[in-house]
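Each chain is listed here by its residues.
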Amino acid sequence: MNKAFEIETPTKNAWCDITRRVADVVTQCGQADGVVTVFIPHTTAGVTIQENADAPLQGDISRALERLFPWHGDYRHCEDNAAAHMKVVLMGPSVQVPFVAGEMLLGQWQAIYLCEFDGPRRRRVVVHVSP
Amino acid sequence: MNKAFEIETPTKNAWCDITRRVADVVTQCGQADGVVTVFIPHTTAGVTIQENADAPLQGDISRALERLFPWHGDYRHCEDNAAAHMKVVLMGPSVQVPFVAGEMLLGQWQAIYLCEFDGPRRRRVVVHVSP
Amino acid sequence: MNKAFEIETPTKNAWCDITRRVADVVTQCGQADGVVTVFIPHTTAGVTIQENADAPLQGDISRALERLFPWHGDYRHCEDNAAAHMKVVLMGPSVQVPFVAGEMLLGQWQAIYLCEFDGPRRRRVVVHVSP
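Residues numbered from 1 in each chain as written. Chains lettered and ligands numbered in written order. Predicted model: local features only at pLDDT ≥ 70, side-chain atom pairs only at ≥ 80, totals over all residues. Heavy atoms only, no water.

(A) Focus on the overall build of chain A. When helices and strands are counted, chain A shows 3 helices and 8 strands. The helix and strand sequence of chain A, counted from the amino end, reads β-β-α-β-β-α-α-β-β-β-β. For 131 residues, the compact-globule estimate of 2.2 N^0.38 gives 14 Å, and the C-alpha radius of gyration of chain A, at 15 Å, lies within 12% of that figure. Projected onto its principal axes, the C-alpha coordinates of chain A cover approximately 50 × 30 × 20 Å. In chain A, which comprises 131 residues, the share counted as buried stands at 62%. Within chain A, contacts between residues at least 6 apart in sequence are counted, and of these 81% link residues at least 24 apart. For chain A, the exposed area adds up to about 4,900 Å²; of that, 49% sits on carbon and sulfur atoms. (Helix = DSSP H or I, 4+ residues; strand = E, 2+ residues; numbered from the N terminus. Rg over C-alpha atoms; globule rule 2.2 N^0.38 Å. Buried < 20%, exposed > 50% of the residue type's maximum accessible area, 1.4 Å probe, protein only. Contact = heavy atoms within 4.5 Å. Areas by Shrake-Rupley, 256 points an atom, 1.4 Å probe, with all protein chains shown as cover.)

Structure below.
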C-alpha cells in the first residue's frame, strides 16, 4: 500500500519528526508484519532515523554537516543550494523500518525525521508498505 | 522479480544515470504497485538519487567528496583506492523507490545514479521489484 | 518473515561482520527470491556493506570518520557521544540486499557489517525478509 502526505518545513535547516505520520500509514494498511519504506521525492531534503530525546543533538548534527558542506562554498551549481544537495547525497532519500503486529520495530530512542536543508518549503513524503 | 544489467563507467569518477534502465525493469515485471530496490554489488561504486537538471552540480558533489576523502591520504589499505571505499560507506550500496501504476514516484528533479569512484570499470546493477 | 539477533560489540569503534547471521535468516525463511532488510534499532551504531578482504581498510574508514566528526568536538548533546550519532546519520540504520534461490546477491568482496561507534555494547539487529 502506498500513501503520501505533505509537511511545511519551518526554517532553512529543520528536523521534522514524521514518526507518527508513518506509523499511521502502517496502521491504516491493516497488514500485521512487513517493512515500511519512507521516500522523499526531493533533492534538497532527506530522511534519517535518529534520537528523539535530546533536541540539542539535532543542532550539533546540523552544524557538523554545515562544517563539511558550507553553504557559501566554491560551487558551480546554477542555484545557491549545492550544499543542501550534498547533505542529501550522504543522508539518502529513503529509510526502511520493519514492523511486527502493526508496530514499527524502532528502538527506544529512535524517531524518523525529514531533514530539511533548503527550507522553508512544502515537502512531500511517500510511504510504502511491503509484506 | 529480479534482474541485473551492466554498465561501463567512463572515467575515474562518474555519475551514470540509470533511471531508464531501472524503469524498464519495473515495466517488465508487470506489477502495478510496489517498491524497487537498486543494489550495487561493488565496494567502490555506490548509488544515489539526485538532481538531473544541472550537470555542474555533480562535479560540485564529486569535488566535495574528494575534499573529505582525498585519494592520496595516509591510508593502510593494500590498494590505492581507500578513498573510493569511504565514499561508498557514506553514499550506500542501495536505494529504494516506491512505484504506483508501474511508474516510480521520483520527484520532478530526481534521477537514479550509479556513482563511480574508482573507474573506469564494468559495473553490475541488481534491480529487485517487491510488492 | 522477521527475526532478530544480538551481538556484543568488543570496542569503542568496531566492525562486526554479520553476513553469516543474515544469510542464516534468509535460509530459515525458506523463500527462494526476495530482498532482505537489515535494520539497527540504535542511534550510535549503523550498518554498511563493505570489503571483507583487507582489514586495515576498516581502520582507514574509522579514522576518516573520526577526522570528520571528532569525539571531543564543541557539541551541546547531553551525552559525550554526539560524534557517534553523526556517523550513523551518514551511514544509515539499514541496508537491503536482494537474494535469488536463497542466496544474497552480494558481490565477491562484499560483507554486511554492524558498525559500532560507541561501544562496547550489546546491540540488536532486526532482519526482515520480503518477497
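(B) Main features of the interface of chain A and chain C. Counting from both sides, the interface comprises 29 residues of chain A and, opposite them, 29 residues of chain C. Of the roughly 2,400 Å² buried between chain A and chain C, counting both surfaces, carbon and sulfur atoms make up 64%. Joining chain A to chain C, the criterion identifies 13 residue pairs in polar contact (both at pLDDT 80 or more). When contributions to the side of chain A that touches chain C are tallied by element, the ones reaching two or more residues are β3 (34-39), β4 (45-51), α2 (55-68), α3 (82-91) and β5 (94-100) of chain A. No other element matches α2 of chain A, which puts 9 residues into the side of chain A that touches chain C. Per-class residue counts for the side of chain A that touches chain C are 18 nonpolar, 6 polar and 5 charged. (Buried area = accessible area lost by both parts, 1.4 Å probe. Polar contact = N/O pair within 3.5 Å; in protein donor to acceptor, adjacent residues only side chain to side chain. Nonpolar A, V, L, I, M, F, W, Y, C, P; charged D, E, K, R; others polar.)

(C) Looking closely at the relation of the copies chain A and chain C. Its rotation angle being 120°, the transformation that places chain A on chain C also includes 0.0 Å of axial translation and leaves an RMSD of 0.0 Å. What the superposition gives is, in effect, a three-fold axis relating one chain to the other. Distance from the rotation axis, computed per C-alpha, reaches its smallest value in chain A at Leu 90 of chain A: 3.2 Å. With a heterologous cut-off of 20% or less, the 14% of interface residues of chain A that recur at the interface of chain C puts this contact in the heterologous class. (Least-squares fit on C-alpha atoms with pLDDT ≥ 70 in both.)

(D) Quick peek at the nonpolar core. Phe 69 of chain A, Phe 69 of chain B together with Phe 69 of chain C are the most contacted members of the largest nonpolar core, which has 61 residues in total. For Phe 69 of chain C, the contacting residues outside a window of four places in its chain are Ala 64, Arg 67 and Leu 68 of chain A together with Tyr 75, Ala 83, Met 86, Lys 87 and Leu 90 of chain C. Among the nonpolar cores identified, the runner-up in size contains 28 residues, and Val 25, Val 26, Ile 40 and Phe 99 of chain C belong to it. (Core = buried A, V, L, I, M, F, W, Y, C linked by side-chain atoms within 4.5 Å.)

(E) Focus on the interface of chain B and chain C. The interface is formed by 29 residues belonging to chain B together with 29 residues belonging to chain C. Carbon and sulfur atoms supply 64% of the area buried between chain B and chain C, which totals about 2,400 Å² over both sides. Among the residues of chain B in contact with chain C, Phe 39, Val 89 and Leu 90 of chain B are the three that bury the most area, contributing 24% of the side total. Summed over the shared surface of chain B and chain C, the number is 0 salt bridges. One can count 13 residue pairs in polar contact (both at pLDDT 80 or more) joining chain B with chain C. If one sorts the elements of the side of chain B that touches chain C by residue count, helix α3 (residues 82-91) of chain B sits on top with 6 residues. Per-class residue counts for the side of chain B that touches chain C are 16 nonpolar, 10 polar and 3 charged. (Salt bridge = Lys/Arg side-chain N within 4 Å of Asp/Glu carboxyl O.)

These figures capture arrangement, not role.
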